[in-house]
Amino acid sequence: MASVIAREVRDGETVAVGTLAAIPACGTLLAHFTHAPRATVIIINHPDYWPFRGGSKEFYDFAQRGKIDLFFLSGGEIDRRGNLNLMFVGDHERPRVRFPGGAGAAMLYYMPRRVVVFRAEHSPRIFVERVDTVTSPGSTPLDVVRPGGPWKVVTPLCVFRYDPGGAGLVVESLHPGVSREELGRRTGFAPAYDGAAGVTPEPTSEALDLLRTRVKDAVARIYPRFAATAFAR
Amino acid sequence: MPVRGHVGSDYERLRPEFRVISNPWAPTERVMLVPPIVPDVALIHAIAATRDGTLLLDHMEDDALLAQASRTVVASAERIVASEELRRTGDGVILEGIHVTALVEAPGGARPTLVRGVSPIDADQIREYVAAAVDDAAFKRYLDRYVYD
């Protein structure tokens, strides 16, 4: 997933990684250490990658002015239209499931130019036909300022691209060893396939080496448990 | 205050106090306004403070903003220092004492969370808290052990 995310980072852009986003932090740093040395990298609360002194307000104001090119979000539920649910399932007063809450996710899905959605669990309870509560909509009416929005969805099984023309999530590639049958079984909606859908390229050995060394050391500064467990061969 | 985004999400349905208006400077656009949160009391722990309530705070956290939003601000600090020492430091942000209602010297007052540059996060303690918080009986044992006894 980190190597797939790295390919979405373009040199010279401003890339920001929010809270609880260890995999995007790995992908962004992998890109920064390889093809995107001139990217401006922001990783929330990382001592080396957090260029703000005014708390999260300064970051949110920066984002609201449209200064972020690429951002990452996740969802307790994610649906085929690219809607994200970070709030709850069920009745508002007595929810059946409670997610962490939206925080800035309803703004950060609009203002960065491209948002890559990531989720380390690909299952029918996450990837649903329709989210129960819309924290961050995939698309919005034309009279709402929205310079950006969903771009890709990256999971352990596949990469979806987001089609703003109405198709929503469309499978762009399946990871090596994943069949259409398996993806269908583990997704709560019938996945649509791009005509050119292929196999996700494997990470290069250079990428794997960097992930297990420089990237791991850098993310350990804010995700020590993740760094200690996620890079086991 | 105005917020970009949000319009078209379920916030419009769930939070009736969030208003959607047309942007006065671009009337064909709809924009969301959210009311400010005004806490009655904010409890803030400072890296250091002076006797007049001026605080040295972690520059990566939102404590200075929280203090300015709240009606009453009760601060604790690792140590009380002279003004020259507080203003000489390189890291952190200074919140002037005009925003602070009351101050107490309380070393370790932020445990088990982090005081940047002073003491690290106590991750084991936080894991214990998370495990205890799953049911009332376990949480009562946690409180008895760490708070009441």
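Residues numbered from 1 in each chain as written. Chains lettered and ligands numbered in written order. Predicted model: local features only at pLDDT ≥ 70, side-chain atom pairs only at ≥ 80, totals over all residues. Heavy atoms only, no water.

Moving on, we get to the sheet that holds strand 2 (residues 19-23) of chain B. All names here are of chain B. If you walk across this open sheet you meet the three strands as 1-3-2, and the pairing is antiparallel. In the strand order of this sheet, the two ends are held by strand 1 (2-3) and strand 2, each with one partner. Direction of pairing for strand 1 relative to strand 3 (residues 26-33): antiparallel, over a ladder of two bridges. Each bridged residue has a counterpart across the sheet, and for Pro2 the counterpart in strand 3 is Leu33. (Pairing = 2+ DSSP bridges. Helix = DSSP H or I, 4+ residues; strand = E, 2+ residues; numbered from the N terminus.)

Turning our attention to the environment of Val134(A). Secondary-structure assignment places Val134(A) in the loop between strand 9 (127-128) and strand 10 (149-154). With relative accessibility at 9%, the residue Val134(A) sits in the buried group. Counting along the chain gives 24 residues from Val134(A) to Tyr110(A), while the straight-line C-alpha distance between them is 14 Å. Setting aside anything within four residues of it in sequence, one finds Val134(A) in contact with Asn83(A), Leu84(A), Met87(A), Ser9(B), Asp10(B) and Tyr11(B). (Buried < 20%, exposed > 50% of the residue type's maximum accessible area, 1.4 Å probe, protein only. Contact = heavy atoms within 4.5 Å.)

All right, on to the domain arrangement of chain B then. What the domain assignment lists for chain B is domain 1 (2-33), domain 2 (41-110) and domain 3 (119-149). Inter-centroid distance (C-alpha atoms) of domain 2 of chain B to domain 3 of chain B is 26 Å. (Domains from an automatic or database assignment.)

This part covers the packing of helix 2 (residues 22-33) of chain A against helix 6 (residues 205-220) of chain A. All names here are of chain A. Direction vectors running N to C along helix 2 and helix 6 enclose 115°, while the axes themselves pass 9 Å from each other. In terms of orientation, helix 2 lies roughly perpendicular with respect to helix 6. Note that helix 2 runs across helix 6; the crossing there is right-handed. On helix 6, the residues that touch Ala25, Cys26, Leu29, Leu30 and Phe33 of helix 2 are Ala207, Leu210, Leu211, Arg214, Val215, Ala218 and Val219. (Axes fitted to C-alpha atoms, helices over the stretch in contact; angles between N-to-C directions. Parallel < 35°, antiparallel > 145°, perpendicular 65-115°, else oblique. Left-handed = near helix turned anticlockwise from the far one by under 90°.)

All names here are of chain B. Reading across from one edge, 4-7-9 is the order of the three strands in this open sheet, with parallel pairing throughout. Looking at strand neighbours, the two that pair on one side only are strand 4 (41-46) and strand 9 (102-105), the edges of this open sheet. Averaged over all pairs of adjacent strands, the angle between strand axes in this sheet comes to 20°, irrespective of strand direction.

Taken over all residues, the pLDDT of chain B has a mean of 94, while the share at 70 or more is 100%. No element of chain B has a lower mean pLDDT than helix 3 (residues 83-88) of chain B, which averages 91, and none a higher one than strand 7 (residues 72-77) of chain B, which averages 98. (pLDDT = per-residue confidence, 0-100.)

On to the packing of aromatic side chains. All names here are of chain A. Taken as a whole and assessed by the stated rule, the structure comprises 15 aromatic pairs over all chains. When the centroid spacing of 6.4 Å and the interplanar angle of 65° are considered together, the rings of Tyr223 and Phe226 count as edge-to-face. Judged by its relative accessible area of 15%, Tyr223 falls in the buried class. Looking at Phe226, the relative accessible area reads 23%, which means it is partly exposed. Just above the ring of Tyr109 sits the side chain of Arg146; from NZ or CZ to the centre is 5.3 Å. In this structure, Arg180 packs its charged tip against the face of Tyr193, placed 3.8 Å from the ring centre. (Phe/Tyr/Trp six-rings, centres within 6.5 Å; stacked < 30°, edge-to-face > 60°. Lys NZ or Arg CZ within 6 Å of the ring centre and 35° of its normal.)

Residue-level contacts link 25 residues of chain B with 31 residues of chain A. Across the chain B/chain A interface, buried area totals approximately 2200 Å², and carbon plus sulfur atoms make up 53% of it. One can count one salt bridge joining chain B with chain A. For the salt bridge of Arg30(B) with Asp143(A), the shortest nitrogen-to-oxygen distance reads 2.8 Å. At the junction of chain B and chain A, the tally comes to seven residue pairs in polar contact (both at pLDDT 80 or more). Looking at the side of chain B that touches chain A, the elements with two or more residues in it are strand 1, helix 1 (11-14) and strand 3 of chain B. (Buried area = accessible area lost by both parts, 1.4 Å probe. Salt bridge = Lys/Arg side-chain N within 4 Å of Asp/Glu carboxyl O. Polar contact = N/O pair within 3.5 Å; in protein donor to acceptor, adjacent residues only side chain to side chain.)

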